[in-house]
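Next come the chains, spelled out residue by residue.
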Amino acid sequence: MKIGSAEGLTVAFAIEELNAGNCKTYLLCSGTHAVLVDPVRERTESYGRVLAERGIRLDAIIETHTHADHLMLNREQSRRLGGQVIMHRDSPLPFVHRHVTDGDRIEVGKESIEVLHTPGHTPDSICLRISGAVLAGDTLLIGGSGRCDFPGGDAGKQYDAVTRKLFSLPDDTVVWPAHDYKGRTSSTIEQEKHSNPRFAGRSRADYVELMANLGLSYPDRIQEALQVNQSGFEGDEVAFPPVRAVASVPEMSATALCSRLHQPEPPLIVDVREPEEFVGELGHIQGAILVPMDALEKRLPKLAGYVDRELVVVCRAGARSASAAAMLANAGFAHVANLSRGMLAWVEASLPVQR
Ligand SMILES: [Fe+2]
């Protein structure tokens, strides 16, 4: 379905939605260059066919956020489809090639995509602004908005992102959402500003209250999708704990952990990232022991000596480590906490790292 190059639209990219379902995947093409936005795992083969048939080279796969309702492409599937994986800096995923932040530009052929950081649905939510249009992810839907009750969700931040960033775009900007459950394809900023019942005439406090009382059930596959999408591991590589157990792990802030480390009997830090992340851009905390997620179960006997010691589990963004902390608590470790927002928070607080 060609939907972006219609007469009268000022969209310079050719935009195409590939799934024709509730969950939308967009192909943005500029000549023979292209990016795929929010691909769904089950459809990987069909995306490959579309690209091959048209002789299109994939420059990048961009995820607008860590999805909870479908499986994202894994490392191998992304590699086969080609192109680097791009996500916001707050993404927990270990195999992102390029992390972007607000205002960054992603060049595709002769065109350029502007990244808008729009946290709220998830901390790593971004919208992609192109000429005349915005791919709004799950931040702004047609007549709705993405739920904020998953881990890291924040309705207040979402209200600010929509009303300050998206609603300040020109009124005729076309809005392409990541989901629609009523078969609609696009909207405009003007339409959403005036008729989206979540925002029109509502204050920030109204919105926060509304989102807290939606009473939505959790998606059927959330446990599988979220923990797989956050960690980059499959369910047969890591025995993921139940979501409820993950949610009950106590969180510790970076500054609280830093002061605990300077007191007598400091906690042991268990870093569950991949070896390349441990020595990579964010570095690691001095004294941390590295036990990647998929090695944790096997290493439990070796960690048994620490069963009564305070453990703080650390990863990139605090998602993988929350699962790992729940696994440790379940295995009998008595005092396990999770470093809230992981090494991202530690580095943002300018605390010392080693590489
Ligand atoms: Fe989502």
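Caption draft 1: How the structure looks around the sheet that holds strand S12 (residues 187–188). Overall, mixed pairing links the six strands, which are arranged S7-S8-S9-S10-S11-S12 in an open sheet. The sheet is open, and its two borders are formed by strand S7 (105–108) and S12, each paired with just one other strand. Two elements, strand S10 (residues 133–137) and strand S11 (residues 174–177), share four bridges in a ladder whose sense is parallel. Considered in S11, the bridge of Leu135 is made with Trp176.

Caption draft 2: Here's a closer look at the state of the cysteines. Applying the stated criterion to the full structure yields zero disulfides. With no disulfide partner, Cys23 has as its closest neighbouring cysteine sulfur the one in Cys127, 16 Å distant. Accessibility expressed as a relative area gives 18% for Cys23, which makes it buried.

Caption draft 3: Structural context of the environment of Lys193. Within the fold, Lys193 resides in helix H4 (residues 189–195). Residue Lys193 is classed as partly exposed on the basis of its relative accessible area of 26%. The spatial distance from the C-alpha of Lys193 to the C-alpha of Arg273 is 41 Å, given a sequence separation of 80 residues. Setting aside residues up to four positions removed in sequence, Lys193 forms contacts with Phe167, Asp171 and Ala200. Within the structure, Lys193 has its side chain in polar contact with the side chain of Asp171 (distance 2.8 Å).

Caption draft 4: Focus on the coordination of the iron ion. Within the protein, the atoms that donate to the iron ion are His65 (NE2), His121 (NE2) and Asp138 (OD), at distances of 2.1 to 2.3 Å. Overall, the relative accessible area of 1% leaves His65 in the buried class. With a relative accessible area of 6%, His121 lands in the buried category.

Caption draft 5: Geometry of the nonpolar core. Counting 27 residues, the largest nonpolar core has Val272, Met293, Leu296, Val313 and Leu328 as the members making the most contacts within it. Contributions of two or more residues to this core are made by helix H6 (222–231), strand S14 (268–271), helix H10 (296–303), strand S16 (310–314) and helix H11 (320–330). Sorting elements by how many residues they give to this core places H11 first, with six residues. Non-local contacts of Val272, meaning those with residues more than four positions away in its chain, are made with Val291, Pro292, Met293, Val313, Val314, Cys315, Arg320, Ser321 and Ala324.

Caption draft 6: Looking closely at the pattern of salt bridges. Inspection of every chain in the model, using the stated rule, returns 20 salt bridges. Notably, a salt bridge pairs Glu76 with Arg80, separated by 3.7 Å at the nearest N-O pair. A residue pair is termed a helical-turn pair when its members lie 3 or 4 positions apart in one helix, as Glu76 and Arg80 do in helix H2 (residues 75–81) at four residues. Arg105 serves as the salt-bridge partner of Glu114, at 3.9 Å between the closest nitrogen and oxygen. A relative accessible area of 44% places Arg105 in the partly exposed class.

Caption draft 7: Spotlight on the pairing of strand S17 (residues 335–339). Most of S17 is tucked away: four of the five residues are buried. Pairing of strand S13 (residues 251–252) with S17 involves two bridges; the strand directions are parallel. Paired with Glu251 across the bridge in S17 is Asn338. Two elements, S16 and S17, share four bridges in a ladder whose sense is parallel. Bridging across to S17, Val312 finds its partner in Ala337. Assessed by its sense of winding, the connection that carries the chain from S16 through H11 to S17 is right-handed.

Caption draft 8: A look at the packing of aromatic side chains. If you walk through the whole model with that rule in mind, you get five aromatic pairs. Both rings, one in Tyr159 and one in Tyr207, keep their centres 5.7 Å apart while their planes meet at 45°; by these two values the pair is tilted. Taken together, the residues span a long stretch of sequence, with Tyr159 in helix H3 (residues 155–165) and Tyr207 in helix H5 (residues 204–212) at a distance of 48 residues. Exposure remark for Tyr207: the relative accessible area of 0% places this residue in the buried category. Taken together, Tyr159, Phe167, Phe199 and Tyr207 form an aromatic cluster joined through their ring pairs.

Caption draft 9: Main features of the pairing of strand S3 (residues 33–37). Across the five residues of S3, four count as buried, placing the element largely inside the fold. When strand S2 (residues 26–30) meets S3, the two strands line up antiparallel, connected through five bridges. Directly across from Tyr26, in S3, lies its bridge partner Val37. With antiparallel pairing between neighbouring strands as the criterion, S2 and S3 make up a hairpin whose turn holds two residues, including Gly31 at a positive phi of roughly 65°. Examined bridge by bridge, S3 and strand S4 (residues 57–62) share five bridges and lie parallel to one another. Bridge pairing links Val35 to Ala60 in S4.

Caption draft 10: Local environment of helix H1 (residues 44–54). Along H1, the positions that sit buried rather than exposed are Thr44, Ser46, Tyr47, Val50 and Leu51. Of the surrounding elements, those touching the buried residues of H1 are S2, S3, S4 and H2. Just past H1, the residue Gly55 takes up positive phi, approximately 65°.

Caption draft 11: The arrangement of the sheet that holds S13 in detail. A sheet is described by the order of its strands in space; here five strands give the open sequence S13-S17-S16-S14-S15, paired in parallel fashion. Pairing within the sheet leaves two strands with one partner each, and these edge strands are S13 and strand S15 (289–290). Inspection of the sheet shows S14 paired to S16 by four bridges, in the parallel sense. Bridging across to S16, Val270 finds its partner in Val313.

Cut-offs applied
- Residues numbered from 1 in each chain as written.
- Predicted model: local features only at pLDDT ≥ 70, side-chain atom pairs only at ≥ 80, totals over all residues.
- Heavy atoms only, no water.
- Pairing = 2+ DSSP bridges.
- Helix = DSSP H or I, 4+ residues; strand = E, 2+ residues; numbered from the N terminus.
- Disulfide = S-S within 2.5 Å.
- Buried < 20%, exposed > 50% of the residue type's maximum accessible area, 1.4 Å probe, protein only.
- Contact = heavy atoms within 4.5 Å.
- Polar contact = N/O pair within 3.5 Å; in protein donor to acceptor, adjacent residues only side chain to side chain.
- Donors = N, O, S within 2.8 Å, 3.2 Å for Na, K, Ca; no water.
- Core = buried A, V, L, I, M, F, W, Y, C linked by side-chain atoms within 4.5 Å.
- Salt bridge = Lys/Arg side-chain N within 4 Å of Asp/Glu carboxyl O.
- Right-handed = clockwise from strand over helix to strand, strands pointing away.
- Phe/Tyr/Trp six-rings, centres within 6.5 Å; stacked < 30°, edge-to-face > 60°.

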